[in-house]
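What follows is the residue order along each chain.
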Amino acid sequence: MFKRKRSAEDFAEEIKAHLELEADELHSEGLSDEEARRRARVEFGSVDSAKERFHLNGRWQWLDKLMRDLRFGMRSLLKSPGFALTAILTVALGVGANTAVFSVMNAVLLKSLPVLDPQTLVYLRTSDQPRGTGTVDSNETMSYPVYDTLRKQTHAVSSLIAYVPLSGS
């Protein structure tokens, strides 16, 4: 791909030698020189097609196309530096914004809580509703004295934490 084992000239000479050998063999079978060369070329097929197959053999076509596209892109950007600067700044801002958003989302939503066994977390709250009514007020809160009493006296849980929602909703 990057360094050829055989040169294109070497391959062209091999094709020529192959055609000459085939023509000699056909000539020894009784054909004229011209007819033997013509039939050797017909049997061999397209020389240009063989050269193209040789050129593509052992290459990663997608990598060649990528390299050509990159070279073309660089030449285009060098021809118009104002556009190049705008494009580079736009990509940089896009990458920076995505990184910032992902960092916040990762910290807030994706990372697990800093507890030993998150699967065993229990959410406690107080309720003034009678048991079994099924109605729950979303603004029910636990007072600090209740929390402190639970934290000091309960042995059912290994530790207890409290939080205060930032919004009233």
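Relevant structure appears above.
One structure accompanies this document, and this report is about it. These numbers come from a predicted model, not from an experiment. (Residues numbered from 1 in each chain as written. Predicted model: local features only at pLDDT ≥ 70, side-chain atom pairs only at ≥ 80, totals over all residues. Heavy atoms only, no water.)

**Thoughts on helix H2 (residues 33–44)**
Using the following cut-off: Every helix listed is a DSSP run of H or I at least four residues long, and every strand listed is a run of E at least two residues long, numbered separately from the N terminus. Helix span, expected: 1.5 Å multiplied by one less than the number of residues in the helix.
When the terminal C-alpha atoms of H2 are compared, their 16 Å separation across 12 residues agrees well with the 16 Å that a helix rising 1.5 Å per residue should span. In the stretch just after H2, Gly45 is the one whose phi turns positive, near 100°.

**Digging into the environment of Ala84**
The line we're drawing: Buried, partly exposed and exposed residues are distinguished by accessible area as a fraction of the type maximum, computed with a 1.4 Å probe on protein chains only: under 20%, between the cut-offs, and over 50%, respectively.
Mapped onto the elements of the fold, Ala84 is located in helix H5 (residues 81–110). The class of Ala84 is buried, set by a relative accessible area of 10%. Each C-alpha atom, one on Ala84 and one on Gly73, is 9.9 Å from the other, the two residues being 11 residues apart in sequence.

**Considering the nonpolar core**
For clarity, the cut-off: Note on terminology: a nonpolar core comprises buried Ala, Val, Leu, Ile, Met, Phe, Trp, Tyr and Cys residues joined through side-chain atoms within 4.5 Å. Only heavy atoms matter for contacts: two residues are in contact if any of them lie within 4.5 Å across the pair.
In this structure, Phe11, Ile15, Leu19, Ala23, Leu26, Ala36, Ala40, Ala50 and Phe54 together form the largest nonpolar core, which totals 9 residues. When residues of this core are traced back to their parent elements, those giving at least two are helix H1 (8–28), H2 and helix H3 (47–56). Broken down by element, this core gets its largest block of residues, 5 residues, from H1. Residue contacts for Leu26: discarding those within four places in its chain leaves Leu31, Ala36, Arg39, Ala40 and Glu43.

**Comments concerning H5**
Think of an α-helix as 3.6 residues a turn; residues three or four steps apart then line up on the same face. Counted at 1.5 Å a residue, the expected span for H5 with its 30 residues is 44 Å, and the 41 Å between its end C-alpha atoms agrees. Counting buried positions along H5 yields 1 of 30 residues, so the element is predominantly exposed.

**Focus on a positive patch on the surface**
For clarity, the threshold we go by: Exposure above 30% relative accessible area and the absence of a salt bridge qualify a residue for a patch, where like charges join within 9 Å and nonpolar side chains (Val, Leu, Ile, Met, Phe, Trp, Tyr) within 5 Å. Areas reported here follow the Shrake-Rupley algorithm with a probe of radius 1.4 Å; residue values treat only the protein chains shown as occluding. Counted as salt bridges are all cases of a side-chain nitrogen of Lys or Arg within 4 Å of a carboxyl oxygen of Asp or Glu. Positive charges come from Lys and Arg alone, negative charges from Asp and Glu alone, with His and the N- and C-terminal ends not counted. Charge positions come from single atoms, namely NZ of Lys, CZ of Arg, CG of Asp or CD of Glu.
On the surface, a cluster of positive charge is contributed by Lys65, Arg68, Arg71, Arg75 and Lys79. Relative to the helices and strands, Arg71 is located in helix H4 (residues 61–79). Here Arg71 falls in the partly exposed class, since its relative accessible area comes to 47%.

**A short note on the packing of aromatic side chains**
In plain terms, the rule: Stacked, tilted and edge-to-face are the three classes applied to pairs of Phe, Tyr and Trp rings, where Trp contributes its six-membered ring and a pair requires centres within 6.5 Å; stacked means planes under 30 degrees apart, edge-to-face means over 60, and tilted covers the rest.
One pass over the full model with this rule turns up 1 aromatic pair. Measuring from ring centre to ring centre gives 5.7 Å for Tyr144 and Tyr147, while their planes differ by 50°; the resulting arrangement is tilted. Of this pair, Tyr144 and Tyr147 both sit in helix H6 (residues 144–153), 3 residues apart, which is roughly one turn of that helix. We classify Tyr144 as exposed; its relative accessible area is 57%.

**Some remarks on a negative patch on the surface**
Together, Glu20, Asp24, Asp33 and Glu34 make up a negatively charged patch on the protein surface. Only H1 and H2 provide two or more residues apiece to the negative patch. Residue position: Glu20 is located in helix H1. Among the residues examined, Glu20 registers a relative accessible area of 43% and is labelled partly exposed.

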